[in-house]
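Given next are the chains, with one letter for each unit.
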Amino acid sequence: MRWVAAALLALAEPALAQAPPPAPGQVLTLDEAVRLARQNQPQLRQARAGAEAAAARADQARSPLLPQVFAGASYSRSTRNGRPGLSPAGEGLDLSGTVSQLLWDFGQTPNRYRAARAGAEAQREAEQATGLQVVLGVRTAYFAARAAKDLVAVARDNLSNQEAHLRQIQGFVEVGTRPEIDLAQARTDRANAQVQLINSENGYAVARAQLNLAMGVEGPTGYDVADETLPPVEGEDGTTDALLAEALRARPDVASLASQLRAQQATLWAVQGGYLPSLGVSSGLTDAGTPGSTYWNWNASLTLSWDVFSGGLTRAQEQEARANLDGLDAQGILLRQQVRLEVEQARLAVRAAGAALSAAGEALENARERLRLAEGRYQTGAGSVIEQGDAQVAVTSAAAQRVQAQYALSSARAQLLSALGRP
């Protein structure tokens, strides 16, 4: 098992060397995060390898359509003991070469090649679909990290305000205008704010670790994410039908399924060609004899082969190919419905998140005004420390809610871009 782990590490090192993770103290932009993912994400490397393997299989399927050239040579030496009139030993030398070419097999081999080529196209389109999913994952993780960073700022502002309240209340208690219970409450509120800040900083670190995973990099999380959001998506206020038409044209998974349908149709035609004969031609050249005394010979042949009955194999293969074609057709209907659902969900999420962000901004403004009034009432003796604390909690809660609304809007737009097949 140790050599397996060492091999995995050896395979991972070149990828990490190609695109190093963000350096501590670096401000990571969204574009840079996407670039790192496109270079390092193992899912993309796996999808790319699958596409290359499918292209190689297409080349393999094409090879029977091209001339087949074979060459061989043999040398033999044998004893002839006990055979009167012959020398004690005999030698033989054979050189041969053969060229064969398939002339026609009623579409079996050409359609197999078409099927393999369409399969390779499906794999390339699947690779593009994987790329879209990787970009979506990076964007989602990036905005989650950005939201966690903003929550740290909210927690710091809350702690700063609680410390200011503590100093203020401590002064009031010292001059006897406020009871000591207010000071105990202020100290409790400050301690809770410290705990909130610690949890927020830990949440930011965890979010950056998740972003590293989305980017496919291994390294420290001492960097910061930039204060970025996604701008409005063109057409986000449009109808679902208009967006669906764009998605069906642009999404690589839809194109990949269409290529799979073409491949399966070609496979069916190739199987049907098995009911008919195949025609081929071959030619050979030999040079045989003993060393120093060989003779050239040439031959040519035209062959017609027909698998008249193979126990129902061709019929069963045809049934399987038709069933697979029907399955892919049903999968296409399901995919269209899934694309519509994804577009509809993303469009509605963008609209809801935009409205929620506007409402959250208004709530934060009102909460800050409430805190200002509560602080004024406490300073004049008309308010209580509990009223002031509740107002501070309301500000912190409204600020966190606004952060979450901003994250929801950016994430919804990222989902809409992915649903539409836009890179």
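Thresholds applied
Residues numbered from 1 in each chain as written. Predicted model: local features only at pLDDT ≥ 70, side-chain atom pairs only at ≥ 80, totals over all residues. Heavy atoms only, no water. Helix = DSSP H or I, 4+ residues; strand = E, 2+ residues; numbered from the N terminus. Rg over C-alpha atoms; globule rule 2.2 N^0.38 Å. Buried < 20%, exposed > 50% of the residue type's maximum accessible area, 1.4 Å probe, protein only. Contact = heavy atoms within 4.5 Å. Areas by Shrake-Rupley, 256 points an atom, 1.4 Å probe, with all protein chains shown as cover. 1 Å grid on protein atoms, 1.4 Å probe; cavity = no way out; pocket = protein on both sides within 12 Å on 5 of 7 lines; lining within 4 Å. Points joined across faces, edges and corners; volume = space filled by probe spheres on them. pLDDT = per-residue confidence, 0-100. Patch = residues over 30% accessible without salt bridge, like charges linked within 9 Å, V, L, I, M, F, W, Y side chains within 5 Å. Salt bridge = Lys/Arg side-chain N within 4 Å of Asp/Glu carboxyl O. Core = buried A, V, L, I, M, F, W, Y, C linked by side-chain atoms within 4.5 Å. Axes fitted to C-alpha atoms, helices over the stretch in contact; angles between N-to-C directions. Parallel < 35°, antiparallel > 145°, perpendicular 65-115°, else oblique. Left-handed = near helix turned anticlockwise from the far one by under 90°. Nonpolar A, V, L, I, M, F, W, Y, C, P; charged D, E, K, R; others polar.

Right, let's get into the overall build of the chain. The helix and strand tally for the chain stands at nine helices and six strands. Radius of gyration (C-alpha) of the chain: 37 Å, far over the 22 Å computed for a compact globule of 423 residues. With respect to the three principal axes, the spread of C-alpha positions in the chain is 140 × 55 × 35 Å. Each of the 423 residues in the chain was classed as buried or not, and the buried ones make up 36%. Taking all contacts inside the chain whose residues are at least 6 apart in sequence as the whole, residues at least 24 apart take part in 79%. With the model as given, the accessible surface of the chain reaches about 23900 Å², and the carbon-plus-sulfur share is 56%.

Turning our eyes to something else, we now look at the layout of surface pockets. Considering only enclosed or pocket space, the largest pocket measures out at about 350 Å³ in volume. In terms of lining residues, the largest pocket is bounded by 20 residues, among which Arg-112, Thr-267, Ala-270, Val-271 and Gln-317 are the most central. Elements with a minimum of two residues in the lining of the largest pocket: α4 (108-174), α7 (252-272) and α8 (313-380). Ranked by residue count, the leading element in the lining of the largest pocket is α7, at six residues. Estimated volume of the second largest pocket: approximately 280 Å³.

What follows is about the confidence of the model for the chain. Scored by pLDDT, the chain has a mean of 88; 93% of the residues are at 70 or more. The low-confidence segment residues 7-17, where pLDDT is below 50, has five contacts with residues more than four positions distant or belonging to other chains.

On to a nonpolar patch on the surface, then. On the surface, a cluster of nonpolar side chains totalling about 1100 Å² of accessible area is made up of Leu-103, Trp-104, Phe-106, Tyr-275, Leu-276, Val-281, Leu-302, Trp-306, Val-308 and Phe-309. Secondary-structure assignment places Val-308 in the loop between β6 (293-305) and α8. Here Val-308 falls in the exposed class, since its relative accessible area comes to 71%.

One finds Leu-28, Val-138, Tyr-142, Leu-211 and Met-215 to be the most contacted residues of the largest nonpolar core, which totals 55 residues. Not counting residues within four places of it along the chain, the set of residues in contact with Leu-211 comprises Leu-28, Val-138, Ala-141, Tyr-142, Tyr-223 and Val-225.

Another aspect to go through is the packing of α8 against helix α9 (residues 385-420). For the pair α8 and α9, interaxial distance at closest approach is 7 Å and the crossing angle is 160 degrees. Put simply, α8 runs roughly antiparallel to α9. The handedness of the crossing between α8 and α9 comes out as left-handed. Its residues placed into classes, the contact of α8 with α9 shows 27 nonpolar, seven polar and 10 charged.

With that settled, the discussion passes to empty space enclosed by the protein. To find the voids left in a structure, one rolls a probe of water-molecule size over its atoms. On inspection of all chains with the given rule, the structure shows three cavities of 30 Å³ or more. Within this model, the largest cavity holds a volume of roughly 50 Å³. Only α4 and α9 provide two or more residues apiece to the lining of the largest cavity. Looking at side-chain class alone, the lining of the largest cavity contains four nonpolar, three polar and three charged residues.

Before going further, it helps to examine the side chain of Ser-410. With respect to the secondary-structure elements, Ser-410 resides in helix α9. With relative accessibility at 2%, the residue Ser-410 sits in the buried group. If sequence neighbours within four positions are ignored, Ser-410 has contacts with Phe-143, Thr-229 and Leu-230.

Below, the discussion takes up unusual backbone geometry. If you check the backbone angles, Phe-106 has positive phi at about 55 degrees while not being a glycine. Following the sequence through the fold, Phe-106 ends up in the loop between β3 (89-104) and α4. When its relative accessible area of 37% is taken as the criterion, Phe-106 is described as partly exposed.

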